[in-house]
Protein chains: 2
Amino acid sequence: MTTSFSRGVGLVSARVAHFDQPLPLRSGSVLPAYDLVYETYGRLNADASNAILVCHALSGHHHVAGHTDPDNIDKTLGWWDNIVGPGRPLDTERFFIVGVNNLGGCHGSTGPKSINLATGKPWGSDFPMVAVVDWVHAQARLADHLGIRQWAAVMGGSLGGMQAMRWAITFPERVRHAIVIAAAPNLTAENIAFNDVARQAILTDPDFHGGHYYAHGSHPWRGLRLARMLGHITYLAEDQMAEKFGRKRRPEAGSYGFDVEFEIESYLHYQGDKFAGYFDANTYLLMTRALDYFDPARVAGGDLAAALAVARAKFLVVAFSSDWRFSPERSREIVNALVHNGQDVAYAEIESEHGHDSFLMDDPHYHAVVDAYMKRIAT
Amino acid sequence: MTTSFSRGVGLVSARVAHFDQPLPLRSGSVLPAYDLVYETYGRLNADASNAILVCHALSGHHHVAGHTDPDNIDKTLGWWDNIVGPGRPLDTERFFIVGVNNLGGCHGSTGPKSINLATGKPWGSDFPMVAVVDWVHAQARLADHLGIRQWAAVMGGSLGGMQAMRWAITFPERVRHAIVIAAAPNLTAENIAFNDVARQAILTDPDFHGGHYYAHGSHPWRGLRLARMLGHITYLAEDQMAEKFGRKRRPEAGSYGFDVEFEIESYLHYQGDKFAGYFDANTYLLMTRALDYFDPARVAGGDLAAALAVARAKFLVVAFSSDWRFSPERSREIVNALVHNGQDVAYAEIESEHGHDSFLMDDPHYHAVVDAYMKRIAT
């Protein structure tokens, strides 16, 4: 179950599916046509009963596993490569795995960077607000396109786990298993508050130009950098930061100024700079807003059990002890709602020091739990 | 012990003390001359044995108690008015209370907004970095100026509590009691990380102009606003935010856009806008950096007990259960170090829902603890 290149899915490449049928969105807008970029690993079996949809989180994309450049394997590995491959928990000898970049994204699917055919210019901030349920509808059309009537499993971590939950509610007959990792039934006020600061950093950056920065040849990198730095603080656990960085000084420290003095500053700047160099600010806005709005219990007057009652899927819910963004307590709300309904749910609370990012880590206990659950899934 | 205007200290006004003797700073720089603005409440007794120094936190100042405008009492009350006055825990019938704006501040004491006599222009980012120990040295000269050889107590919350600790170490003979509230022996990596994001928001604001924005007639309000919004998240407790704001929508919500949708967003924007309207960005940078650097145990190889051993003061340490910025665990490090040394320390851990801001609140249990302690102080 450990990561080794020899056992990964190897060289992969993305495909694009084009959809001409307009997509009505939660906001009331309609997306006239769109592309979804996706990757697949393993082989779809004859009755298309072995397909797993892996949904990505805030900054993720369709490139889940394998590498895209044989000369640069390390740097082009998928974001969840450690869990996908022959003999790994998402065993490509048994399953056909699908990764897709969500609408509004910046990795190939239609999003703010794409050309709006109505204007011939990038959508920018005119790209409609997308909700988790919109992604699920778009993913359902991709499933149709691939000949998948029912997913063996829909799964994901964080915002990806919310998509799995939403799938089980919106298309009960199309999901046999929903695997919800490091997620929550909705965002707390504190979660929204952090997203708000991140968005305000972008929206008030003079280079944002009301979201039409492409035309100005600029990009609100300052705001996006701040957003990512702040995000990183919430992805890590406090104890982990204390152990890894503590109060360690940089070799160049001693300026008694505002240059980098502490290791933790250097780390955050590196992460912020890197992210701001490749991610799209409008996508960041859209993804965080989708998080804010996600609240499947809302239509049921806040009753999560009532909202989940329609689901036919079996659930695996996984939470991590040191995750303070979406704490185990929030996962237990989901579990309790399912238990209340008499629905089939397995729950694992994993001891982990890596905070919210734990769901991406190659932790033996965590992967063993997922592996054991996946082995129970009939194909 | 409850707050009522009739029992407050009434109308107050600030005074300014000018110091011509150069002040050597921790950074190696020397401040050639400086002003300190201060207020006092109560009367200094004949042998000057009843004086209490109240040290302020990140965004505080010298105006601790009373009001400055009889026509606008509510809006001009001092930041800690609820604890100062006749019959209140800091009883002005017994004590002579001193509040002072620290060097580098923006409320009247010499700081980045002040004119640098060497250039005839505002100091801006040329204002030297100030450390907690520098404030203590400057405050000691104010004590001399006021004829106070020894403080009955030095006290404060948060960064103010750090000053009390530093006083007890730097001037053991000049402090009889150190009252350290909602503080910590130093900042964690996570604390520094939040400060770093706040500073980067200011430093990368195009209106910052390298800290010389006064000359440009501008102010990095965007960055300062973000810094304050982020700060506010860390001052509040998560449960408190959940209860007060939760997922409540604004009346104008429903835009499916990036305007304010949730109450928590409205609250943060209000706090950020208000603060950015009156506080100075360079001061914010200096104060957060002083927090980062504060670490009295560092010269003792990280041994806090060794660093505190020189203190002659008796200590009261107070922490709040819901404070996650400086958690009770951090206060207990101070208490344990003092206990290890056989020093005199009282410790109170107050149940409170108000997070780090609890130290400013009029909580009956908290104020009773401080009141009881103050009554033990001989004058």
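Preceding this section is the structure that the text describes.
Residues numbered from 1 in each chain as written. Chains lettered and ligands numbered in written order. Predicted model: local features only at pLDDT ≥ 70, side-chain atom pairs only at ≥ 80, totals over all residues. Heavy atoms only, no water.

Draft legend 1. The arrangement of the interface of chain A and chain B in detail. With 52 residues of chain A in contact, the opposing surface of chain B contributes 52 residues. Of the roughly 5000 Å² buried where chain A meets chain B, counting both sides, 63% is carbon and sulfur surface. By the criterion of area lost to chain B, the three top residues of chain A are Arg247, Tyr256 and Phe258 of chain A, representing 18% of everything that side buries. One can count 6 salt bridges joining chain A with chain B. A salt bridge links Arg199 of chain A to Glu265 of chain B; its shortest N-O distance comes to 2.9 Å. Inspection of the region where chain A meets chain B yields 28 residue pairs in polar contact (both at pLDDT 80 or more). Contributions of two or more residues to the side of chain A that touches chain B are made by helix H3 (189-203), helix H4 (221-235), helix H5 (238-244), helix H6 (263-278) and helix H7 (281-293) of chain A. Per element, the largest residue contribution to the side of chain A that touches chain B is 11 residues, and it comes from H3 of chain A. Split by residue class, the side of chain A that touches chain B holds 28 nonpolar, 8 polar and 16 charged. (Contact = heavy atoms within 4.5 Å. Buried area = accessible area lost by both parts, 1.4 Å probe. Salt bridge = Lys/Arg side-chain N within 4 Å of Asp/Glu carboxyl O. Polar contact = N/O pair within 3.5 Å; in protein donor to acceptor, adjacent residues only side chain to side chain. Helix = DSSP H or I, 4+ residues; strand = E, 2+ residues; numbered from the N terminus. Nonpolar A, V, L, I, M, F, W, Y, C, P; charged D, E, K, R; others polar.)

Draft legend 2. Inspection of the pairing of strand E4 (residues 34-41) of chain A at higher detail. Residues and elements named next belong to chain A. The buried count for E4 comes to 7 of 8 residues, which makes it a mostly enclosed element. Of the pairings in the sheet, the one linking strand E1 (residues 15-19) to E4 comprises 5 bridges and is antiparallel in character. Each bridged residue has a counterpart across the sheet, and for Arg15 the counterpart in E4 is Tyr38. In this structure, E4 lies alongside strand E8 (residues 96-100), joined through 4 bridges in antiparallel fashion. Across the sheet, the residue bridging to Tyr41 is Ile97, located in E8. (Buried < 20%, exposed > 50% of the residue type's maximum accessible area, 1.4 Å probe, protein only. Pairing = 2+ DSSP bridges.)

Draft legend 3. Structural context of unusual backbone geometry. Residue and element names in this part refer to chain A. One non-glycine residue, Ala48, lies in positive phi territory at about 55 degrees. You can see Ala48 is positioned in the loop between E4 and strand E5 (51-55). Positive phi values are uncommon outside glycine, yet Ser158 reaches one of about 60 degrees. The residue Ser158 is located in the loop between strand E11 (153-157) and helix H2 (159-170) in this model.

Draft legend 4. Expanded view of the relation of the copies chain A and chain B. For the pair chain A and chain B, the best superposition has an RMSD of 0.0 Å and corresponds to a rotation of 180 degrees with a translation of 0.0 Å parallel to the axis. Put plainly, the chains are arranged around a two-fold axis. When you check the interface residues of chain A against chain B, 100% turn up at the interface there too, and the contact is symmetric in its surfaces. (Least-squares fit on C-alpha atoms with pLDDT ≥ 70 in both.)

Draft legend 5. Seen up close, empty space enclosed by the protein. Enumeration according to the criterion identifies 9 cavities of 30 Å³ or more in this entry. Lining the largest cavity are 14 residues, and of these Ala201 and Asp205 of chain A together with Ala201, Asp205 and Leu226 of chain B sit closest to its centre. For the lining of the largest cavity, the secondary-structure elements that each account for two or more residues are H4 of chain A together with helix H4 (221-235) of chain B. Tallied by class, the residues present in the lining of the largest cavity amount to 6 nonpolar, 4 polar and 4 charged. Lining the second largest cavity, in full, are Leu58, Phe194, Asn195, Ala198, Ala227, Leu230, Gly231, Thr234, Tyr235, Tyr284 and Arg325 of chain B. In terms of residues, the lining of the second largest cavity owes the most to one element, H4 of chain B, which gives 5 residues. Per-class residue counts for the lining of the second largest cavity are 7 nonpolar, 3 polar and 1 charged. (1 Å grid on protein atoms, 1.4 Å probe; cavity = no way out; pocket = protein on both sides within 12 Å on 5 of 7 lines; lining within 4 Å. Points joined across faces, edges and corners; volume = space filled by probe spheres on them.)

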